[in-house]
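Each chain, letter by letter, is given below.
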Amino acid sequence: MKAKLSIAISLALFSAGVLSGCSDDKESTATQQEAPKNISSPMLKYIPADSPYFMATRETMPEQDALALYQRMRLETDLDELHDMLHEIDDDVLHSLMSLLIAMGEEFVDVETLDDIHALGFKMSPQVALYGLGILPILRMELQDEDAFRETLQRVLANADLNPSTAMTDGKEYWVLTQDGPIKAIMAIIDNQLLMSVVPENVSDELLSDVLGNTLPDSNIGDTGALAEIEQRHGFTPRGAGQIYSSRLLSELSTPTHSGTQALMEAVDAELLDLTACQADIDRITRRFPGLVMGMREYNLDRMEMNLILETDKHIVSDLRAMTAQVPGLGSSEGMASFGLGLNLPVLMKSVQKYAQEMRQNPFSCEEFQELNNAWSEISVAINNPVSMMIGPSLSGFRARLNSLTMKNGEPTGTGILTLASQNPLALLSTASAFAPDLGSLGLEPGGEAKPIESIMLPPGSPELYAAMSESAITLGVGVSDSETLQAELQAPVSERDLLVHGHLTGEFYHSLAQVIEQMPYDDREEFDTDLLKQYGDIYENIEYWFRVDDAGVEMSFSLELK
């Protein structure tokens, strides 16, 4: 059976409520700049100021907008396939949670309006918080109607074949979803919120009081303004952001200060990381890599952008920025798909050698970190190989662009452009000629006409291949012979975003790929879900992903533009 599910069901209702977005860029920026520290959502009071990790919302998207987004991103998903996945999960906690999620998804099969959502007890755009009491995870989600949700939950539990037991603490009832094992999943409905967590089998009343929110932390991130500060520092919307602190996490794993960490580690007989003699090494690592930051710079009915930043110190940022290279067109979304890399190999090799030398001169002293000492030596050896030494000085990046994709004579074929960036294109051409001698005889000149490449190495029936050159790049046109087109590609603007990697996929690409697969022999296409590819093509105008050097470190981002 095919059932209508949104890929945003779990996203919007269980976690992406954390990542609800804003109406447009200008409005988002103004909100971030003006957000005072004392603005707080009801969820923030539960999150300790010293939590090792958290992600939460301060504002939510209007429910009608959230519903419209849900409807635009709706996919046809086979629930039977998800049921089949359950047989492969042997962990009791994970199996129960997966069963619960599938059964909850079935409740949304016929959801079409806000009234339908509210009848289930849910809000379409709820306040959400995910955080740690020590390392113990807590998820809270705002509900529309407790009584309606309880009725929904009874159906969900029955459909998931779960028979949870109930327990009480401080007058608050909660469900125990899993009965066996040292760790159990629990759920509660308190103050119009759904709460989910995992706790030790013999959890104390004091820890349960912390988990359920009966006992609040002495200081929370609403008081400190930590969430608003993250939003302002990175330009995130106030509708979902968070951070993982490396120093807090490592400290909590080595010398737990929270009863949640202590209880969990005791329950699974986990040995504490004996890092008492490693504090200098830990401080060295956490100064260079303070943590991970996540949030969204845009989320509206047409586009959303999700960002994850690995924070580093300013010296690493400077070295990474020096590694980026200017590649014509990198960062552009022309064509139906593209992928590109901008990386100055000589600078990369020099930087690796520098850090490897630092590691040799000042290695980590702790036994637990000895593999890090060895890793840098191995990386240095791996990157300083003959191929890198030969290509590095002449190649600084590339961008491959696909213009069309079709099936011809039973084989997939396409047209596109490959651009190779270089500080010395003539040297690059000479190097490439060692692998493809036909390139050396073309007589390419910067700004000259495109030349056809005739090679016995090309398979029969391949699209015509042409090459052109500029002062900073060589471009190869597959099925593209027009000199003006190739020269325009060579002169395409370079990105100002310090990109290391960039790629994109359009809805047109997904439709073309589905059509190609449908023309393949049955045995070959059997493993592909062409219906799903077509749905992607119908929903997404453009999908982009990139790695870039941010002032705070390395940013890994993903954006969706909807039709």
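Per an unreviewed UniProt entry, the protein chain goes by the name DUF3352 domain-containing protein and belongs to Vreelandella alkaliphila.

Student: Quick question: what am I supposed to make of the overall build of the protein chain here?
Tutor: Tallying secondary structure elements over the protein chain gives 23 helices and 21 strands in all. In the protein chain, buried positions account for 49% of the 563 residues. Partitioning the intrachain contacts of the protein chain with sequence separation of at least 6 by distance along the chain shows that 69% fall at a separation of at least 24. Summed over all atoms, the accessible surface of the protein chain reaches about 26,400 Å², with 53% contributed by carbon and sulfur.

Student: Please clarify how helix α10 (residues 226–234) should be interpreted in this entry.
Tutor: Residues that lie three or four places apart on an α-helix share one face, since the helix turns once every 3.6 residues. Looking at α10, one finds that the buried residues are Ala-226, Leu-227, Ala-228, Ile-230, Glu-231 and His-234. Of the residues trailing α10, Gly-235 is marked for its positive phi of about 75°.

Student: It is not clear to me how the state of the cysteines should be interpreted in this structure. Could you clarify?
Tutor: Every disulfide links exactly two cysteines, by a covalent bond between their sulfur atoms. Scanning all chains against the criterion turns up one disulfide. Disulfide pairing places Cys-278 opposite Cys-366 at an S-S distance of 1.8 Å. Taking the sign of the torsion about the S-S bond as the criterion, the disulfide between Cys-278 and Cys-366, at about -130°, is left-handed. On the criterion of sequence distance, the pair formed by Cys-278 in the loop between α12 (259–267) and α13 (279–288) and Cys-366 in the loop between α15 (345–361) and α16 (370–383) is long-range, its members being 88 residues apart. Each member of the pair, Cys-278 as well as Cys-366, is classed as buried.

Student: It is not clear to me how the pattern of salt bridges should be interpreted in this structure. Could you clarify?
Tutor: Any two side chains of opposite charge can pair if their charged atoms end up close together. Counting across every chain of the model gives 22 salt bridges. In this structure, Glu-305 engages Arg-297 in a salt bridge whose closest nitrogen and oxygen atoms are separated by 3.7 Å. A relative accessible area of 11% means that Glu-305 is categorised as buried. Its salt-bridge partner being Glu-489, residue Arg-401 comes within 2.7 Å of it at the nearest N-O pair. Residue Arg-401 is located in strand β14 (residues 397–408), and its partner Glu-489 is located in helix α20 (residues 483–490); the two are separated by 88 residues in the primary sequence.

What counts as what
- Residues numbered from 1 in each chain as written.
- Predicted model: local features only at pLDDT ≥ 70, side-chain atom pairs only at ≥ 80, totals over all residues.
- Heavy atoms only, no water.
- Helix = DSSP H or I, 4+ residues; strand = E, 2+ residues; numbered from the N terminus.
- Buried < 20%, exposed > 50% of the residue type's maximum accessible area, 1.4 Å probe, protein only.
- Contact = heavy atoms within 4.5 Å.
- Areas by Shrake-Rupley, 256 points an atom, 1.4 Å probe, with all protein chains shown as cover.
- Disulfide = S-S within 2.5 Å.
- Salt bridge = Lys/Arg side-chain N within 4 Å of Asp/Glu carboxyl O.

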